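# Inside the fold
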Amino acid sequence: MSAAERTEQAAVRTVLGDVPGEALGICDAHDHLFLQSRLLPGQELADVAAADAELRAFRRLGGSAVVQWTPYGLGRAADELAGLSRATGVHLVAATGLHQAQHYAPGTVEAVLEGLAELFVDELTRGIGGTGPRAGLIKVAGGFHGLDAHARSTMAAAAHAHHRTGAPIAVHLELGTGALDVLELLCGEHEVAPRSVILGHLNRSPDPVVHRQAARAGAFLAFDGPSRANHATDWRLPEVLAALVDAGYAGQLLLGGDTTTAAARSVNGGPGMPYLLRRLRPRLELALEAEVVSHMLTTNPARALAAAWRAG
């Protein structure tokens, strides 16, 4: 198959089926409708009605697509996603993958680690749980300024699944660090094309040198927030993005909300999904051309999430 043919057949895999990238519209490229972690007791995202309300609030501001980065074993509620997408009119992309081991109950990771690549492939091609919606990306995670054995094994499985299916790989960078280690492993050792890699949380480590190196390698760079109280980097975001745009990397920048707790939802008084369009977009438009910001919300996620899907 030629490169031109692969481009023509590329599609974004949503919970309702594959769609052309341009069908997504304004996209929150990194968020969570459902999430349960042992590190966040009492703050579970598990309320279907709240998820519906959050999507509708996002939709009212013009949003039309959300990428849920919640991977295997963390309460992603895959059986609810198709109904929510139909009810709200918002495209949803689900994730397979595995987070850092510390987020899971004892024994959960050990039970799947040996067959992890097959699990990812199955959820990308047959469906989550065998009958649920198909995942549209693989989410894995690095460590703080490095990659431990768990990260290396999960990324190896992700790379294997990528080569079999074409799925993009989204990477949680702990406090925004370790981007170059991730690229060396995925794109160097495991030969994943950089354009199939999305590096998340880069706003949490506003290091312009690392950002340029990652962009130069060809990966997509996701800036998602707002930051938590101990990640006081929001004020740097416009200048960080402007520097990348000026350096010629406007086409590789993604924006997201990353709502991870019930308290952070807009329906509970937090910023939630609407923050991306209600607060962040106009702030960025003061530093960048509105068209550039629009591309970050539409054209760029359409390209980052599109794949020439293979059967596995």
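Counting restarts for each chain, with residues numbered from 1 along the sequence as it is written. Local features in this predicted model are restricted to residues of pLDDT 70 or higher, and side-chain atom pairs are both shown and tallied only at a pLDDT of 80 or more, whereas totals for entire chains, interfaces and linings draw on every residue. The side-chain values count all of the structure's non-hydrogen atoms but skip hydrogen atoms and water molecules.

## Structural notes on the sheet that holds strand β8 (residues 169-172)
- Read across the open sheet, the six strands follow the order β6-β7-β8-β9-β10-β11; overall the sheet is parallel. For this open sheet the edge positions go to β6 (95-97) and β11 (253-256), each flanked by a neighbour on one side alone. Adjacent strand axes in the sheet meet at a mean angle of 30°, parallel and antiparallel pairs treated alike.
- Across four bridges, the pairing between β8 and strand β9 (residues 197-200) is parallel. Within β9, the residue paired with His172 across the bridge is Gly200.
- Whether two residues are in contact is decided by their heavy atoms, any of which lying within 4.5 Å being enough. To obtain each axis, a line is fitted to C-alpha atoms, and for helices this fit is confined to the stretch in contact; angles are then taken between N-to-C directions over 0 to 180 degrees. Working definition: helices are DSSP H or I runs of at least four residues, strands are E runs of at least two. Numbering for both runs from the N terminus. Helix α7 (residues 179-189) contacts β8 and β9 of the sheet and is inclined by roughly 160° relative to β9. Paired strands, in this sense, are two strands between which DSSP finds at least two bridges.

## A few points about the sheet that holds strand β5 (residues 91-93)
- Here we have three strands laid out as an open sheet, ordered β3-β4-β5, and parallel in their pairing. Of all the strands in the sheet, just β3 (27-31) and β5 have a single pairing partner and so form its edges. Between one strand axis and the next, the sheet turns by 15° as a mean value, whatever way the strands run.
- Sheet topology places strand β4 (residues 65-68) next to β5; three bridges connect them, and they run parallel. In the sheet register, Val66 faces β5, and the bridge partner there is Leu92.

## A word on helix α10 (residues 275-287)
- To estimate the expected span of a helix, subtract one from its residue number and multiply by 1.5 Å. Helix length check: α10, at 13 residues, gives a terminal C-alpha distance of 18 Å against a target of 18 Å (1.5 Å per residue), a fit within 8%.
- At any given residue, the bend is defined as the angle formed between two axes, one fitted to the seven residues that end at that position and one fitted to the seven that begin there. At Arg281, α10 shows its maximal kink, close to 35°; a proline, Pro282, follows between one and four residues later.
- Burial status follows relative accessibility: with a 1.4 Å probe on protein chains alone, a residue under 20% of its type maximum counts as buried, one over 50% as exposed, and anything between as partly exposed. Listed as buried for α10 are Tyr275, Leu276, Leu277, Leu280 and Leu284.
- Of the surrounding secondary structure, the elements contacted by the buried residues of α10 are β3, α2 (48-60), α9 (237-246), β11 and α11 (290-297).

## Points about the packing of α9 against α10
- The interhelical angle for the contact between α9 and α10, taken along N-to-C directions, is 55°, at an axis separation of 9 Å. Considering their axes alone, α9 and α10 lie oblique with respect to each other. Seen along the crossing, α9 lies across α10 with a hand that is right-handed. Contacts between α9 and α10 involve Leu237, Pro238 and Leu241 from the former and Leu280, Arg283, Leu284 and Ala287 from the latter.
- Asp, Glu, Lys and Arg are counted as charged, while Ala, Val, Leu, Ile, Met, Phe, Trp, Tyr, Cys and Pro are counted as nonpolar; the rest, among them Gly, fall into the polar class. Of the residues that constitute the contact of α9 with α10, the class distribution is six nonpolar, no polar and one charged. Should an angle fall under 35 degrees it is taken as roughly parallel, and over 145 as roughly antiparallel, whereas 65 to 115 is taken as roughly perpendicular and any remaining angle as oblique. For any pair of crossing helices, the crossing counts as left-handed if the nearer helix is rotated counterclockwise from the farther one by less than a right angle, and right-handed if it is rotated clockwise.

## Considering the side chain of Asp52
- Among the structural elements, Asp52 can be located in helix α2.
- Looking at Asp52, the relative accessible area reads 18%, which means it is buried.
- Here a polar contact means two N or O atoms within 3.5 Å. Within protein one must be a hydrogen donor candidate and the other an acceptor candidate, and residues neighboring in sequence count only if both atoms are side-chain atoms. At 2.6 Å, the side chain of Asp52 forms a polar contact with the side chain of Arg56.

## Some words on the pattern of salt bridges
- Here, a salt bridge means any side-chain nitrogen of Lys or Arg that lies within 4 Å of a carboxyl oxygen of Asp or Glu. Tallied over the full model, the rule gives eight salt bridges.
- Residue Arg56 is joined to Asp52 by a salt bridge in which the shortest nitrogen-to-oxygen separation is 2.6 Å. One end of the pair is Arg56 and the other is Asp52, both in helix α2 and four residues apart, which spans about a single turn.
- Here the salt bridges share partners, and the residues they tie into one network are Arg13, Asp18 and Arg134.

## Quick notes on the confidence of the model for the chain
- One confidence number per residue, pLDDT, is output by the predictor and ranges from 0 to 100. For the chain, mean pLDDT is 94; residues scoring 70 or higher make up 96% of the total.
- Here residues 1-7 is a poorly scored stretch, pLDDT under 50, and it has three contacts once near neighbours within four places are set aside; other chains count.

## Observations regarding the pairing of β8
- Covered by surrounding structure in β8 are Ile169 and Val171 together with Ala170 and His172, the residues of both alternating faces.
- Handedness of the crossover joining strand β7 (residues 137-141) and β8 through helix α6 (residues 149-165): right-handed.
- With its strands directed away from the observer, a crossover is right-handed exactly when the path from the first strand over the helix to the second travels clockwise. Taking the sense of rotation as the criterion, the β-α-β connection linking β8, α7 and β9 turns out right-handed.

## Digging into the packing of aromatic side chains
- A pair of Phe, Tyr and Trp rings is counted when the ring centres sit within 6.5 Å of each other, with Trp represented by its six-membered ring. The angle between the planes then sorts it: under 30 degrees is stacked, over 60 is edge-to-face, the rest tilted. Here the structure, examined in full by the defined rule, presents zero aromatic pairs.
- The rule for a charge over a ring is simple: NZ of Lys or CZ of Arg within 6 Å of the ring centre, and within 35 degrees of the ring normal. The cationic tip of Arg13 hangs over the ring face of Trp309; the distance from NZ or CZ to the ring centre is 4.2 Å.
- Over the face of the ring belonging to Trp235 we find Arg236, whose NZ or CZ atom lies 5.5 Å from the ring centre.

## Remarks on empty space enclosed by the protein
- Here a cavity denotes grid points, spaced 1 Å and computed from the protein atoms alone, that fit a 1.4 Å probe unable to get out, and a pocket denotes an open set having protein on both sides within 12 Å along at least 5 of 7 lines; residues with an atom within 4 Å of a point are the lining. Grid points are joined across faces, edges and corners, and a volume is the space filled by probe spheres set on the points. All told, the structure shown has one cavity of 30 Å³ or more when counted by the stated rule.
- Of the volumes computed, that of the largest cavity is approximately 70 Å³.
- Elements supplying a minimum of two residues to the lining of the largest cavity: β10 (220-224) and α10.
- In terms of residues, the lining of the largest cavity owes the most to one element, α10, which gives three residues.

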